[in-house]
Amino acid sequence: EYELDYPEEEIRYLQVYLISAYLKYEDSSENDIEAFILSRKLIASWENTLALPLSLDDQLQKSLSLHLNPALTRIKHGIVVNNQLLDDIKSEFRPVFDIVANSLRTISDLAEYRIEESEIGFITLHLTAALNRRLAPFKTLVVNNGGIGESALLVQSLKQFVSFIEIIDVKNINTLDEKAMNDID
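All values reported here derive from a predicted model rather than from experimental measurement.

1. Some points on the nonpolar core
Leu 42, Trp 46, Leu 54, Leu 68, Val 100, Leu 104 and Leu 127 are the most contacted members of the largest nonpolar core, which totals 28 residues. Those elements giving two or more residues to this core turn out to be α2 (29–50), α3 (58–76), α4 (86–92), α5 (94–106) and α6 (117–133). Once residues within four sequence positions are removed from consideration, Leu 54 is found in contact with Ile 43, Trp 46, Glu 47, Leu 60, Leu 127, Ala 130, Leu 131 and Arg 134.

2. Some words on the environment of Gln 84
Examined against the element boundaries, Gln 84 turns out to sit in the loop between α3 and α4. Between the alpha carbons of Gln 84 and Gly 121 there is a distance of 9.7 Å; along the sequence they are 37 residues apart.

3. Points about unusual backbone geometry
Positive phi values are uncommon outside glycine, yet Ala 51 reaches one of about 55 degrees. Tracing the backbone through its elements, the reader meets Ala 51 in the loop between α2 and α3. We classify Ala 51 as exposed; its relative accessible area is 65%.

4. Describing the pairing of strand β2 (residues 165–172)
Alignment of strand β1 (residues 138–144) against β2, held across seven bridges, turns out to be parallel. Residue pairing for β2: Asn 144 is matched across the bridge by Asn 172. Taking the sense of rotation as the criterion, the β-α-β connection linking β1, helix α7 (residues 148–161) and β2 turns out right-handed.

5. Brief notes about α3
Between its first and last C-alpha, α3 extends 26 Å over 19 residues, near the 27 Å set by a 1.5 Å rise per residue. The largest bend along α3 measures about 35 degrees and falls at Asn 69, with the proline Pro 70 one to four residues further on. Near the N-terminus of α3, the side chain that reaches the backbone nitrogen of Gln 59, with its oxygen 3.1 Å away, is that of Asp 57. Immediately beyond the C-terminal end of α3, within one or two residues, lies Gly 78, with a positive phi of roughly 70 degrees.

6. A short note on the packing of α5 against α6
With their axes 8 Å apart at the nearest point, α5 and α6 run at an angle of 115 degrees to one another. Of the two possible hands of crossing, α5 and α6 adopt the one that is right-handed. Seen from α5, the contacting residues are Val 96, Phe 97, Ile 99, Val 100, Ala 101 and Leu 104; seen from α6, they are Glu 117, Ile 120, Gly 121, Ile 123, Thr 124, Leu 127, Thr 128 and Leu 131.

7. Considerations on the pattern of salt bridges
Here the structure, examined in full by the defined rule, presents seven salt bridges. Residues Glu 116 and Arg 114 are paired through a salt bridge, measuring 3.0 Å at the closest nitrogen-oxygen approach. Between Lys 171 and Asp 169 there is a salt bridge, with the nearest N and O atoms lying 3.8 Å from each other. By relative accessible area, Lys 171 is classed as partly exposed at 22%. Residue classification places Asp 169 among the partly exposed residues on the basis of a relative accessible area of 33%.

8. Looking at the packing of α3 against α6
Any two packed helices are characterised by how steeply their axes cross, that is the angle between the axes, and by the distance between the axes. One can describe the packing of α3 onto α6 by two numbers: an axis separation of 11 Å at closest approach and a directional angle of 180 degrees. Of the possible angle classes, the one that applies to α3 and α6 is roughly antiparallel. Only Glu 119, Phe 122, Ile 123, His 126, Leu 127, Ala 130 and Arg 133 of α6 make contact with α3, whose side of the interface consists of Gln 59, Leu 60, Ser 63, Leu 64, His 67, Leu 68, Ala 71, Arg 74 and Ile 75. Looking at side-chain class alone, the contact of α3 with α6 contains nine nonpolar, four polar and three charged residues.

What counts as what
- Residues numbered from 1 in each chain as written.
- Predicted model: local features only at pLDDT ≥ 70, side-chain atom pairs only at ≥ 80, totals over all residues.
- Heavy atoms only, no water.
- Core = buried A, V, L, I, M, F, W, Y, C linked by side-chain atoms within 4.5 Å.
- Buried < 20%, exposed > 50% of the residue type's maximum accessible area, 1.4 Å probe, protein only.
- Helix = DSSP H or I, 4+ residues; strand = E, 2+ residues; numbered from the N terminus.
- Contact = heavy atoms within 4.5 Å.
- Pairing = 2+ DSSP bridges.
- Right-handed = clockwise from strand over helix to strand, strands pointing away.
- Expected span 1.5 Å × (residues − 1).
- Bend = angle between axes of the 7 residues up to and from the residue.
- Polar contact = N/O pair within 3.5 Å; in protein donor to acceptor, adjacent residues only side chain to side chain.
- Axes fitted to C-alpha atoms, helices over the stretch in contact; angles between N-to-C directions.
- Left-handed = near helix turned anticlockwise from the far one by under 90°.
- Salt bridge = Lys/Arg side-chain N within 4 Å of Asp/Glu carboxyl O.
- Parallel < 35°, antiparallel > 145°, perpendicular 65-115°, else oblique.
- Nonpolar A, V, L, I, M, F, W, Y, C, P; charged D, E, K, R; others polar.

Here you go:
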């Protein structure tokens, strides 16, 4: 009924885009292996740059491989996916974005391809999530010379204004012993 003519280039673009989207759900062993190897190389590069044991983060390996599976098809065919968070990612996580961009430039498997900032932004979110998982609060012992009321006020103030600590215990300076110091940072 409808006779619509589309340029061959647009039809091809749509085909490749749909294939890359379909690969998220299809078991494509060749793409899976390539994505896995590339994710290992990226993680090794980040581990080297940041001096953190990121290769021990199984969640990073899995999520990055799952992302790279369709992303590799997009990259190889020059498909740009709109990343509506890109400006926020570049603003909030600029150092991580730069690390990801540099690592993608240095991996020889990707040397012949142009990797768009939108894709770098998506990959940045995976590394940022991994870095955030590593942020454990400092286990803290509050030592005070005052009474119970003063200690309670001090603890409440610390909780309110210092978000990166976990208060393990509160001790009076007179009752402080070596055992109390064992489980704190």
